Amino acid sequence: MSRLLVPLILLCACPMLPASGQTPFVAETCPIEAPLPGPERARAAADRVRPELSSALEAKGLHFGDPIFLRAFKDERILEAWIRNRTTRKYELFRTWNIAALSGTLGPKNAEGDFQVPEGFYFVPPSGMKPDSTFHLAFNIGFPNAYDRAHNRTGTFIMIHGNQVSTGCLAMTDDGIEEIYTLCEAALTKGQKFFRVHLFPFRMTEARMAAESANPNLDFWKELEPGYRFFEKSKIPPDVTVEDGHYRFQSSVR
């Protein structure tokens, strides 16, 4: 079904249910014609993409529905999906997608309406899945997290979704989000309690961090760097907590 979209400049309140304490106002374009209802839309997407995904996973010794971890890099405009290997219990890179649109610049999201894509450590439980998004399929990454709240950062409904426009979210195209959503929903359905989403400005190598020594965001990025290095070394995403306004990382239960 073709969909006519109201121009992005018209920021409209779409019918989305807010999390507790959040405003229902959503900066999205609203479809004039309603698409398929959410559950039907997600099922139709899975029917389209599951055969190829299952085949590609099998070719790498991985399995559809096994635990997933997502990682994105803003400067490269890419999102990675890592799937846990049943034998090694470590995560292996399965697929990378180009990010079709992300707004703002490198650096954290500080306030509602600043159009920044967040940077940090987030997770998505089943309640964060949004099959009836106005941007085809989506999931809410859970911004602000405990670190963001400790630093008085505000914002609502930060999503990874379809389409190709962004006001603080990651837009992946409709084709891209169908694959990503289907992988994530399958993992949740098979028992993964939540999947982690780590958002970085760039790959936090020693050389790149040194090159950013004069950047005003450096102190914040040093908060992210240990989490990046933890996964790079272990290939298991860490458990992330916040103590006294700082991120802390430790081994997660495999």
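Scroll up to find the structure this text is about.
What you see is a predicted model, and the numbers here were worked out from it, not measured in a lab.

Remarks on the side chain of K109
Checked against the element boundaries, K109 lands in the loop between β4 (101–102) and β5 (120–124). Using a relative accessible area of 3% as the deciding quantity, one classes K109 as buried. At 3.3 Å, the side chain of K109 and the backbone oxygen of A111 are in polar contact. Here D114 takes part through its side chain, which lies 2.8 Å from a polar atom of the side chain of K109.

Remarks on the packing of aromatic side chains
In the structure shown here, the tally under the stated rule is 16 aromatic pairs. Residues F73 and Y228 carry aromatic rings whose centres are separated by 6.3 Å and whose planes lie at 80° to one another, so their mutual orientation is edge-to-face. Taken together, the positions of F73 in strand β1 (residues 68–73) and Y228 in helix α5 (residues 218–234) put the pair 155 residues apart, joining distant regions of the chain. According to the relative accessible area criterion, F73 is buried, its value standing at 0%. On the numbers, 4.4 Å between centres and 10° between planes, the contact of Y147 with Y247 is stacked. Remark: Y247 occurs in strand β12 (residues 246–250) and Y147 occurs in helix α2 (residues 146–150); sequence separation between them is 100 residues. Each member of the pair Y147 and Y247 is classed as buried. A network of ring pairs unites the aromatic residues F73, F121, Y147, F200, F220, Y228, Y247 and F249 as a single cluster. Looking at K235, its charged tip hangs above the ring of F231, at a distance of 5.8 Å from the centre.

Some remarks on the pairing of β12
Each regular strand displays side chains that alternate between the two surfaces of the sheet. Bridging between strand β11 (residues 239–243) and β12 involves five bridges; their strand directions are antiparallel. Looking at the pairing, T241 lines up with R248 of β12. Hairpin remark: β11 followed by β12, antiparallel, with two residues in the connecting loop; positive phi at D244, about 50°.

A closer look at the sheet that holds strand β10 (residues 195–200)
Ordered in space as β3-β2-β1-β10-β5, the five strands form an open sheet in which the pairing is mixed. Edge strands, defined here as strands with exactly one partner in the open sheet, are β3 (91–98) and β5. Averaged over all pairs of adjacent strands, the angle between their axes in this sheet comes to 20°, without regard to strand direction. Pairing of β5 with β10, which is carried by five bridges, proceeds in the antiparallel orientation. For V124, the partnering residue across the bridge sits in β10 and is F195. Against the sheet, helix α3 (residues 174–189) makes contact with β1, β2 (78–84), β3, β5 and β10, and its axis sits at roughly 150° relative to β3, the strand it touches most. Contacts from α5 reach β1, β2, β3, β5 and β10, with the element oriented near 130° to β1.

Here's the deal with α5
Helix length check: α5, at 17 residues, gives a terminal C-alpha distance of 24 Å against a target of 24 Å (1.5 Å per residue), a fit within 8%. The largest bend along α5 reaches roughly 30° and is located at L224, with the proline P226 sitting one to four residues downstream. Of all the positions in α5, only L218, F220, W221, E223, L224, E225, G227, Y228, F231 and S234 are classed as buried. Of the residues trailing α5, K235 is marked for its positive phi of about 60°.

Calculation notes
- Counting starts from 1 at the beginning of each chain's written sequence and moves along it residue by residue.
- Owing to the predicted nature of the model, reporting of local features is limited to residues with pLDDT of at least 70; listing and counting of side-chain atom pairs is limited to 80 or more, with chain, interface and lining totals taken over all residues.
- Processing note: side-chain calculations cover all non-hydrogen atoms of the structure and skip hydrogens and water entirely.
- Only runs of H or I of at least four residues qualify as helices and only runs of E of at least two qualify as strands under DSSP, and these elements are numbered from the N terminus.
- Residue exposure (1.4 Å probe, protein chains only): buried if accessible area is under 20% of the type maximum, exposed if over 50%, otherwise partly exposed.
- Here a polar contact is recorded for every N or O atom pair within 3.5 Å, except that within protein the pair must consist of a potential hydrogen donor and a potential acceptor, and residues adjacent in sequence are included only if both atoms are side-chain atoms.
- Pairing of aromatic side chains requires ring centres within 6.5 Å, counting the rings of Phe and Tyr and the six-membered ring of Trp. Pairs whose planes differ by under 30 degrees are stacked, by over 60 edge-to-face, and all others tilted.
- Placement of a positive charge over a ring is assigned whenever Lys NZ or Arg CZ falls within 6 Å of the ring centre and within 35 degrees of the normal to the ring plane.
- Should DSSP find at least two bridges between two strands, the strands are taken to pair.
- Fitted lines through C-alpha atoms serve as axes, helices being fitted only where they are in contact, and the angles separating the N-to-C directions of these axes extend from 0 to 180 degrees.
- Contacts are residue-level and defined by heavy atoms, with any inter-residue pair within 4.5 Å sufficient.
- Working rule for helices: expected span equals 1.5 Å times residues minus one.
- To get the bend at a given residue, fit one axis to the seven residues ending there, fit another to the seven starting there, and take the angle between those axes.

From the geometry alone we can't say anything about function, so treat these as descriptive.
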